[in-house]
Amino acid sequence: KEMITVMYDANNTLLENKVKNMLHTIVYNKDSKVDYLGNATFNIDLSGTKFKFQKYTSNFYNFTEDGKDAEILEPTILISQIPNIGDPSLKGFFEESKKSLLKYGFEDLNEKNIVETKDSFQAEIDGKFKGKPSVCYYKIIKDPKKDFILFLMASSKQNLDQDLPQFKKIANTFSFK
């Protein structure tokens, strides 16, 4: 399923009419295949890992074991791009993401192995999800010449010792195109 979203100034009726007319000209070709990774703004190497591209949804590239639908406890990797407005702190993005983990039921969060440079931030978070050990791995990178920041978050809630090395291997290949 695909969705097109358009935002415009609600007070500009001329623009509103142009947008509505434009939306009515869109044709959906069911036989067309979209190459989501071909259009991605990042490079990533999944070879030698169990992860494959699963889907693109709501500005997130999802990677799961063998590209299959994942249950809540299965390992996943999410990649997104975030606007780079006003040279934001990468650690700030990490802190906001950490808060969202708490909203989704993670507990007893413990940060470790933090590596912060001018243009990147990496960290691991150990914690619990539904009472069971879990780990999240983050890599956030920026390029001052780009108007967006790349954000990778990987999580595992079962095979932590097997999944974390794969997350790190993948993150080491994560870069701007």
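Above this note sits the structure.
Predicted, not measured: the structure shown is a model, and the values here were computed from it.

1. Quick look at the overall build of the protein
Phase 1 of the analysis: Of regular secondary structure, the protein possesses three helices and nine strands.
Phase 2 of the analysis: For the protein, the N- to C-terminal ordering of α and β elements is α-β-β-β-β-α-β-β-β-β-α-β.
Phase 3 of the analysis: Seen through its C-alpha atoms, the protein measures out along the principal axes to roughly 55 × 40 × 30 Å.
Phase 4 of the analysis: Here the protein holds 177 residues, and 34% of them are scored as buried.

2. Considerations on the nonpolar core
The tendency in soluble globular proteins is for nonpolar side chains to be buried side by side.
Phase 1 of the analysis: Within the largest apolar cluster, 22 residues are counted, with the highest numbers of intra-cluster contacts made by Phe42, Ile77 and Ile79.
Phase 2 of the analysis: Residue assignment for this core shows that the elements contributing at least two residues are β3 (60-65), β4 (76-83), β7 (132-142), β8 (148-156) and α3 (160-171).
Phase 3 of the analysis: With five residues, α3 is the single largest residue contributor to this core.
Phase 4 of the analysis: Ignoring sequence-local partners within four residues, the contact set of isoleucine 79 consists of Phe42, Ile44, Asn59, Phe60, Tyr61, Phe63, Phe151, Leu152 and Phe174.

3. Comments concerning the layout of surface pockets
Phase 1 of the analysis: Reported here for the largest pocket is a volume of approximately 630 Å³.
Phase 2 of the analysis: Ile72, Thr76, Leu78, Met153 and Ser155 are the residues nearest the centre of the largest pocket, which is lined by 22 residues in total.
Phase 3 of the analysis: Listing elements by their share of the lining of the largest pocket, those giving two or more residues are β2 (51-57), β3, β4, α2 (90-103) and β8.
Phase 4 of the analysis: The residue inventory of the lining of the largest pocket, partitioned by class, reads 11 nonpolar, seven polar and four charged.

4. Description of α2
Phase 1 of the analysis: Taking 1.5 Å per residue, 14 residues should reach 20 Å; α2 reaches 21 Å between its end C-alpha atoms and fits that length.
Phase 2 of the analysis: All buried positions along α2 are accounted for by Leu90, Phe94, Ser97, Lys98 and Leu101. When α2 is viewed along its axis, its buried side chains cluster within an angular range of 105 degrees and face the same direction. In this structure, α2 carries Glu96 and Lys103 as exposed residues pointing more than 90 degrees from its buried face.
Phase 3 of the analysis: Looking at the buried positions of α2, the neighbouring elements they touch are β5 (106-116), β6 (120-129), β7 and β8.
Phase 4 of the analysis: Its side-chain oxygen 3.2 Å from the backbone nitrogen of lysine 91, serine 89 forms the N-cap of α2.

5. As for the side chain of glutamine 122
Phase 1 of the analysis: Position of glutamine 122 relative to the elements: it lies in strand β6.
Phase 2 of the analysis: A distance of 2.6 Å separates polar atoms of two side chains, one belonging to glutamine 122 and the other to tyrosine 137.
Phase 3 of the analysis: Those residues in contact with glutamine 122 that lie beyond four places of it in its chain are Asn113, Ile114, Val115, Tyr137, Tyr138 and Lys139.

6. Here's the deal with the sheet that holds β3
Phase 1 of the analysis: The seven strands are arranged β2-β3-β4-β8-β7-β6-β5 in an open sheet whose pairing can be described as antiparallel. Looking at the sheet topology across the chains shown, the edges are occupied by β2 and β5. Each strand of the sheet is rotated relative to its neighbour by a mean of 20 degrees, with strand direction disregarded.
Phase 2 of the analysis: One ladder, built from five bridges, connects β3 with β4; its direction is antiparallel. Directly across from tyrosine 61, in β4, lies its bridge partner isoleucine 79.
Phase 3 of the analysis: Running over the sheet, α3 touches β2, β4, β5, β6, β7 and β8 and is turned about 5 degrees from β7.

7. With respect to the environment of isoleucine 125
Phase 1 of the analysis: Examined against the element boundaries, isoleucine 125 turns out to sit in strand β6.
Phase 2 of the analysis: Residue isoleucine 125 is classed as buried on the basis of its relative accessible area of 2%.
Phase 3 of the analysis: Leave out the neighbours within four places in its chain, and isoleucine 125 touches Phe94, Lys98, Leu101, Leu109, Asn110, Glu111, Ser134, Val135, Cys136 and Tyr138.

8. Quick notes on the packing of aromatic side chains
Phase 1 of the analysis: Summed over the entire model, instances satisfying the criterion amount to 13 aromatic pairs.
Phase 2 of the analysis: Look at tyrosine 138 and phenylalanine 151: their rings are 5.9 Å apart centre to centre, the planes differ by 65 degrees, and that puts the pair in the edge-to-face class. Separated by 13 residues along the polypeptide, tyrosine 138 in strand β7 and phenylalanine 151 in strand β8 bring together distant segments of the chain.
Phase 3 of the analysis: When its relative accessible area of 0% is taken as the criterion, tyrosine 138 is described as buried.
Phase 4 of the analysis: Each member of the aromatic cluster is reached from another via a ring pair, and the members are Tyr36, Phe42, Phe53, Tyr56, Tyr61, Phe63 and Phe174.
Phase 5 of the analysis: Positioned over the ring face of phenylalanine 129 is lysine 157, at 5.4 Å from the centre of the ring.

Calculation notes
- Residues numbered from 1 in each chain as written.
- Predicted model: local features only at pLDDT ≥ 70, side-chain atom pairs only at ≥ 80, totals over all residues.
- Heavy atoms only, no water.
- Helix = DSSP H or I, 4+ residues; strand = E, 2+ residues; numbered from the N terminus.
- Buried < 20%, exposed > 50% of the residue type's maximum accessible area, 1.4 Å probe, protein only.
- Core = buried A, V, L, I, M, F, W, Y, C linked by side-chain atoms within 4.5 Å.
- Contact = heavy atoms within 4.5 Å.
- 1 Å grid on protein atoms, 1.4 Å probe; cavity = no way out; pocket = protein on both sides within 12 Å on 5 of 7 lines; lining within 4 Å.
- Points joined across faces, edges and corners; volume = space filled by probe spheres on them.
- Nonpolar A, V, L, I, M, F, W, Y, C, P; charged D, E, K, R; others polar.
- Expected span 1.5 Å × (residues − 1).
- Arc of directions from axis to C-beta.
- Polar contact = N/O pair within 3.5 Å; in protein donor to acceptor, adjacent residues only side chain to side chain.
- Pairing = 2+ DSSP bridges.
- Axes fitted to C-alpha atoms, helices over the stretch in contact; angles between N-to-C directions.
- Phe/Tyr/Trp six-rings, centres within 6.5 Å; stacked < 30°, edge-to-face > 60°.
- Lys NZ or Arg CZ within 6 Å of the ring centre and 35° of its normal.

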